[in-house]
Amino acid sequence: MLEKTPSRRESVMLFARNFFKHPRMLGSLIPSSRFLIDELLAQVNWSTARVLVEYGPGVGSFTTEILRRMHRDAQLVVIEMNEDFVELLRSSYDDSRLHVVHGSADDVPSVLAELGIDHADYVISGIPFSTMPSRVRDSILQRTHDVLGDDGAFLVYQFSGDVLPHLKGLFREVKQDFELLNILPARLFFCFR
């Protein structure tokens with residue numbers, strides 16, 4: 001259930017302010033389009049997904065749609081480094097299925113363990129892998145692979161294809177797509193454990 005959700009204009013303004021403060025942490029000046037969100041989330045089997053993780057939820061564009069679509073018994077763990085976004089998310093949602101964590105995606109194993117969760121069915125990410133140090137990127141990708149269940153999937157959107165060889169090195173299968181109706185157009189990677 002949503003409560004006090006910020007308007008689209010307020011969300012865009014907060015997102016843009018944070019882009020200028022932390023341009024390497026955010027891949028875009030404005031939040032993801034509904035077309036990108038729909039395309040990426042179409043990969044989720046909503047009837048069986050019980051644990052979803054989102055890296056870098058920002059102002060909650062994906063978070064809102066995930067909560068709307070997911071099963072009433074499912075859990076969504078969002079991991080965000082930006083304190084402004086964490087505060088916004090915590091004050092905007094009243095949903096017991098949502099866990100907002102102030103931290104790094106690199107901490108995903110300990111975050112899930114602290115919540116008593118042994119694996120994730122899906123991890124969704126738009127964090128900009130191309131602008132982070134290679135050791136951090138490699139660690140996040142490995143830990144993501146490790147926390148996914150046997151049938152789990154890592155759903156990624158990026159504005160470059162730089163992460164593709166690293167995904168192919170870890171995941172059994174990587175499918176690709178492209179979403180033009182987004183600012184900027186986005187590359188989508190569907191990675192299966």
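Our subject is the structure that appears above.
Because the structure is a prediction, the values reported are computed rather than measured. (Residues numbered from 1 in each chain as written. Predicted model: local features only at pLDDT ≥ 70, side-chain atom pairs only at ≥ 80, totals over all residues. Heavy atoms only, no water.)

Caption draft 1: Summary view of the side chain of His145. Counting through the fold element by element, His145 comes out in helix α6 (residues 134-147). Judged by relative accessible area, which is 13%, His145 ranks as buried. Side-chain polar atoms of His145 contact the backbone oxygen of Leu170, separated by 3.3 Å. Discounting residues that sit within four places of it in the chain, His145 has contacts with Leu170, Phe171 and Arg193. (Helix = DSSP H or I, 4+ residues; strand = E, 2+ residues; numbered from the N terminus. Buried < 20%, exposed > 50% of the residue type's maximum accessible area, 1.4 Å probe, protein only. Polar contact = N/O pair within 3.5 Å; in protein donor to acceptor, adjacent residues only side chain to side chain. Contact = heavy atoms within 4.5 Å.)

Caption draft 2: View of α6. Counted at 1.5 Å a residue, the expected span for α6 with its 14 residues is 20 Å, and the 20 Å between its end C-alpha atoms agrees. Of the surrounding elements, those touching the buried residues of α6 are β1 (51-55), α5 (108-114), β4 (120-125), β5 (148-158) and α7 (164-170). (Expected span 1.5 Å × (residues − 1).)

Caption draft 3: Structural view of the sheet that holds strand β7 (residues 186-192). With mixed pairing, the seven strands of this open sheet are ordered in space as β3-β2-β1-β4-β5-β7-β6. Two strands close off the open sheet at either side, each with one partner strand: β3 (98-102) and β6 (173-179). Shown here is a sheet whose adjacent strand axes are inclined to one another by a mean of 15 degrees, direction ignored. Judged from the six bridges that link them, β5 and β7 form a sheet pairing that is antiparallel. The residue of β7 that forms the bridge with Val156 is Phe189. On top of the sheet, α6 reaches β1, β4 and β5; it is set at about 145 degrees to β5, its chief contact. (Pairing = 2+ DSSP bridges. Axes fitted to C-alpha atoms, helices over the stretch in contact; angles between N-to-C directions.)

Caption draft 4: Expanded view of the packing of helix α2 (residues 34-41) against helix α3 (residues 61-69). Close contact between α2 and α3 brings their axes to 10 Å; oriented N to C, the two are set at 45 degrees. In terms of orientation, α2 and α3 fall into the oblique class. Considering only the axes of α2 and α3, their crossing is right-handed. Of the residues in α3, those touching α2 at Leu36, Ile37, Asp38, Leu40 and Leu41 are Ser61, Phe62, Glu65, Ile66 and Arg69. Here the residues of the contact of α2 with α3 sort into six nonpolar, one polar and three charged. (Parallel < 35°, antiparallel > 145°, perpendicular 65-115°, else oblique. Left-handed = near helix turned anticlockwise from the far one by under 90°. Nonpolar A, V, L, I, M, F, W, Y, C, P; charged D, E, K, R; others polar.)

So yeah, pure geometry; function would need other evidence.
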